[in-house]
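Spelled out from the first residue to the last, the chains are:
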Amino acid sequence: MPELPEVEVVRLGLEKGVAGRTIAKVDVHHDRAVRRHTAGARDFADLLRGRTVLAARRRGKYLWLPLDSGDALTGHLGMSGQLLVVPASKPIEAHLRIRFAFTDEGRELRFVDQRTFGGLQVVAAGAELPSTIAHIARDPLDPEFDDEQFVRRLRAKTSGVKRALLDQTLVSGIGNIYADEALWRAELHGGRPTELVTKPKARELLSHARDVLTESLAQGGTSFDALYVSTEGVSGLFERSLHAYGREGEPCDRCGTPIRREAWMNRSSYSCPRCQPRPRYPR
DNA sequence: ACCCACCCCTGGGCGC
DNA sequence: TGCGCCCAGGGGTGGG
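Residues numbered from 1 in each chain as written. Chains lettered and ligands numbered in written order. Predicted model: local features only at pLDDT ≥ 70, side-chain atom pairs only at ≥ 80, totals over all residues. Heavy atoms only, no water.

Digging into the protein's contact with DNA strand C
Among the 15 residues in the neighbourhood of DNA strand C, the closest are listed as Tyr-62, His-76, Met-79, Tyr-245 and Ser-268. Each atom of DNA strand C within 4 Å of the protein belongs either to a base or to sugar and phosphate, the latter forming 69%. Contact distances for DNA strand C include 2.3 Å between a phosphate oxygen and a side-chain N or O atom of Tyr-62. The separation between a phosphate oxygen of DNA strand C and a polar side-chain atom of His-76 is 2.3 Å. Broken down by class, the residue content of the surface near DNA strand C amounts to five nonpolar, five polar and five charged. (Near = heavy atom within 4 Å. Polar contact = N/O pair within 3.5 Å; in protein donor to acceptor, adjacent residues only side chain to side chain. Nonpolar A, V, L, I, M, F, W, Y, C, P; charged D, E, K, R; others polar.)

Observations regarding the domain arrangement of chain A
Once the domains are mapped, chain A shows domain 1 (4-133) and domain 2 (147-271). When each unit is reduced to the centre of its C-alpha atoms, the spacing between domain 1 and domain 2 is 28 Å. Tallying the contact residues gives 21 residues for domain 1 and 20 residues for domain 2. Carbon and sulfur atoms supply 60% of the area that domain 1 and domain 2 bury against each other, a total of about 1600 Å² over both sides. (Domains from an automatic or database assignment. Contact = heavy atoms within 4.5 Å. Buried area = accessible area lost by both parts, 1.4 Å probe.)

Re the state of the cysteines
Here the structure, examined in full by the defined rule, presents zero disulfides. Sulfur of Cys-272: no disulfide; nearest cysteine sulfur belongs to Cys-275 and is 3.6 Å away. The class of Cys-272 is buried, set by a relative accessible area of 0%. (Disulfide = S-S within 2.5 Å. Buried < 20%, exposed > 50% of the residue type's maximum accessible area, 1.4 Å probe, protein only.)

Some remarks on the packing of helix α1 (residues 4-17) against helix α6 (residues 199-218)
It is the contact of α1 with α6, at a shortest axis distance of 8 Å, that shows an interaxial angle of 45°. One way to sum up the angle between α1 and α6 is to call them oblique. Between α1 and α6 lies a crossing whose hand is right-handed. Where α1 approaches α6, its residues Leu-4, Pro-5, Glu-6, Glu-8 and Val-9 are matched on the opposing element by Leu-213, Ser-216 and Leu-217. (Axes fitted to C-alpha atoms, helices over the stretch in contact; angles between N-to-C directions. Helix = DSSP H or I, 4+ residues; strand = E, 2+ residues; numbered from the N terminus. Parallel < 35°, antiparallel > 145°, perpendicular 65-115°, else oblique. Left-handed = near helix turned anticlockwise from the far one by under 90°.)

Focus: the protein's contact with DNA strand B
Around DNA strand B sit Arg-32, His-95, Gln-114, Arg-115, Thr-116, Phe-117, Lys-157, Thr-158, Ser-159 and Arg-163, and that is every residue in its neighbourhood. For DNA strand B, a phosphate oxygen lies 3.3 Å from a polar atom in the side chain of Lys-157. Taking Ser-159, its side chain carries an N or O atom lying 3.1 Å from a phosphate oxygen of DNA strand B.

What about the sheet that holds strand β7 (residues 108-113)?
Spatial strand order, β1-β6-β7-β5: four strands in an open sheet with antiparallel pairing. Across the chains shown, the open sheet's two edge strands, defined by having one partner strand only, are β1 (23-28) and β5 (81-86). In this sheet, adjacent strand axes meet at a mean angle of 15° when their direction is disregarded. In terms of strand pairing, β1 meets strand β6 (residues 96-102) through five bridges, oriented antiparallel. (Pairing = 2+ DSSP bridges.)

Re unusual backbone geometry
Its identity as a non-glycine residue notwithstanding, Glu-105 has a phi of 60°, on the positive side. Inspection of the secondary structure puts Glu-105 in the loop between β6 and β7. Here Glu-187, not a glycine, exhibits a phi torsion of approximately 55°, which is positive. Inspection of the secondary structure assignment puts Glu-187 in the loop between α5 (176-186) and α6. For Glu-187, a relative accessible area of 39% gives the class partly exposed.

Some points on the sheet that holds strand β2 (residues 57-59)
The sheet built from four strands is open, its strands ordered β2-β3-β4-β8 with antiparallel pairing. A single partner strand is all that each edge strand has here, and the edge strands are β2 and β8 (119-123). For this sheet the average axis-to-axis angle between neighbouring strands, irrespective of direction, equals 25°. Pairing of strand β3 (residues 62-66) with strand β4 (residues 72-76) involves five bridges; the strand directions are antiparallel. By the bridge assignment, Leu-63 is partnered in β4 with Gly-75. Sitting on the sheet, helix α2 (residues 41-48) is in contact with β4 and β8, with an inclination near 60° to β8.

Here it is, written out as structure tokens:
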């Protein structure tokens, strides 16, 4: 569930807490956390030992740390991943997967992940953009995001508009929460066929998505429980600003109609039945 | 080329 | 009390 704002909060914490420091030791406690590093946990640790972290970067929900070797320590938090910067003396977390110590013997970096959908890998020559995430589109907060290309590609799809918002090769960083919030603001039902969304409406939807991501980031992101936190273990406050997501039965902030929950692709969608009527032929 | 169903995983909550 | 089921859900993969 960490989406763009939550991942950006983590990136800022990594920049502050880890950039400029040199890795002394890497302990992989759970192999699944490095499953994308096909050469294995040993190789993962070998490539990192002695390397200095140059910066912390992000595209959509992916993070990477460019290293002085030219490689990049790349990761995705999945649904429950945390990157914590904590004193080495702090007791080990129940779901600690990888532990990084630094040569300055200061606070260490820990990758903690209950559901193990997340993971880290070292990508060769990945400093500028790791090859493993090159297929991911820019996100709406990226200055080089091309709005008109998004509008064109959205309308060229034969799918539903919510599916399109969640397609990370079209626009990245948006997950279930912010998709529902952007659709509520745009007064669009997620099942609306993409080819029937007019150009102005597509632009408006993108603009709402950008706004909701920006507003959430300013609040430190959304934290439904202790799983979604910064590198300092702090939860965000945007949950209180949500209009649709998780509000089944509560009155719509625009018209007062109770928010509905619909089963959708093995998960849930929240919307206002009046402001966001179901299309005749939903996708 | 594109779309979509399926699968990976754990723990909290709830019904029986 | 305890068991089993459902739910949270991002993204890679493979089938259509």
